[in-house]
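Each chain, letter by letter, is given below.
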Amino acid sequence: MGATERAEPRLRPARLVGATSRPTVKDVAALAGVSRSAASRALSGTGYVGQESRRRVLEAAAELGYVPHMSARYLKDRVSRCVGVLTLDVRRPEDAAVVAGVCAAARESGLATMVADLAGRPLDALEALRDFVAFGVAGSVLCPVSVEPVAYLSGYAVPVVEVGRQFAPGRCDAVVAGGERRATGLLVDPDEAVAMGREAVALLLRRFEEPARPVEVVGMGAGA
């Protein structure tokens with residue numbers, strides 16, 4: 001079933017009487033009257049489950065306020081459904097716009113977003129990237145500050161996309177500004193910066209599907 005066809009549970013607080021923790025797949029399955037495995041398949045949209053069972057599961061999830069436990073999925077798959085975004089300073093309009101584009105595109109693709117803002121301190125990059133690796137991000141978008149982040153993440157097989165300029169040409173995908181801004185990495189137009197963030201997610205999604213494809217550089221804006 002496609003993402004556009006799947007009814008998503010509405011966000012509600014947990015309704016379980018006397019509950020001391022968040023609702024689980026087991027709780028959803030019990031309320032829907034199906035097995036735990038059937039409930040899991042219905043909630044993830046993978047594997048077969050009858051339409052009536054799927055309907056009951058989604059209704060039960062909405063009733064209970066069930067939210068998938070992403071860290072539990074990470075423990076099973078070793079890779080979370082999360083994209084990491086590294087920005088030099090999110091107070092800069094161009095950086096904020098890139099982050100906005102990444103977040104929007106990731107959300108549309110069923111991915112979460114983890115943002116690391118260096119607050120103007122590029123030497124803190126590797127410390128921030130350790131968190132990306134610890135949380136098992138599926139891929140990372142960098143408003144690059146040096147070649148080190150690409151080298152570090154590549155050591156953990158984390159796909160990377162540089163945005164704005166390239167510090168590691170030929171080593172990872174990149175989305176760069178067109179024309180004279182290609183060399184400086186300046187992202188003046190917020191709308192263009194948002195589009196670049198969205199394109200970075202598109203490159204990550206293609207990398208997930210084709211891990212061995214050649215490095216791709218996408219130029220955007222005037223003269224691209």
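What comes next concerns the included structure. Everything numeric here is computed off the predicted structure, so don't read it as measured data.

Looking at the pattern of salt bridges
Enumeration over the complete set of coordinates arrives at twelve salt bridges. For Asp95, the salt bridge identified is with Arg92, shortest N-O distance 2.8 Å. Residue classification places Arg92 among the partly exposed positions, given a relative accessible area of 34%. We note a salt bridge from Glu216 to Arg206, for which the minimum N-O separation is 3.2 Å.

What about unusual backbone geometry?
Located in the positive-phi region is Ala119, a residue other than glycine, with phi close to 50°. Positionally, Ala119 belongs in the loop between β2 (112-117) and α6 (125-134). Residue Ala119 is classed as partly exposed on the basis of its relative accessible area, which comes to 28%. Residue Ala157 is not a glycine yet carries a positive backbone phi of 60°. Counting through the fold element by element, Ala157 comes out in the loop between α7 (148-154) and β4 (160-164).

A short note on the environment of Val160
Take Val160: it is sitting in strand β4. Through-space distance from the C-alpha of Val160 to that of Val141 is 5.8 Å; in sequence the pair is 19 residues apart. In contact with Val160, other than residues within four places in its own chain, are Ser140, Leu142, Val150, Leu153, Cys172, Asp173 and Leu204.

Quick word on the sheet that holds strand β5 (residues 173-177)
Adjacent strands of a sheet form backbone hydrogen bonds with each other and so pair up, either parallel or antiparallel. Spatial strand order, β2-β1-β3-β4-β5-β6: six strands in an open sheet with parallel pairing. Of all strands in the sheet, those with a lone pairing partner are β2 and β6 (217-220), marking the two edges. Adjacent strand axes in the sheet meet at a mean angle of 15° when their direction is disregarded. Across six bridges, strand β1 (residues 82-87) lies against β2 in parallel orientation. Looking at β2, one finds that Val85 is bridged to Val115. Of the strands in this sheet, β1, β3 (139-142), β4, β5 and β6 touch helix α9 (residues 190-209), which is tilted by about 165° from β5.

About the criteria used
Residues numbered from 1 in each chain as written. Predicted model: local features only at pLDDT ≥ 70, side-chain atom pairs only at ≥ 80, totals over all residues. Heavy atoms only, no water. Salt bridge = Lys/Arg side-chain N within 4 Å of Asp/Glu carboxyl O. Buried < 20%, exposed > 50% of the residue type's maximum accessible area, 1.4 Å probe, protein only. Helix = DSSP H or I, 4+ residues; strand = E, 2+ residues; numbered from the N terminus. Contact = heavy atoms within 4.5 Å. Pairing = 2+ DSSP bridges. Axes fitted to C-alpha atoms, helices over the stretch in contact; angles between N-to-C directions.

None of this, on its own, says anything about what the molecule does.
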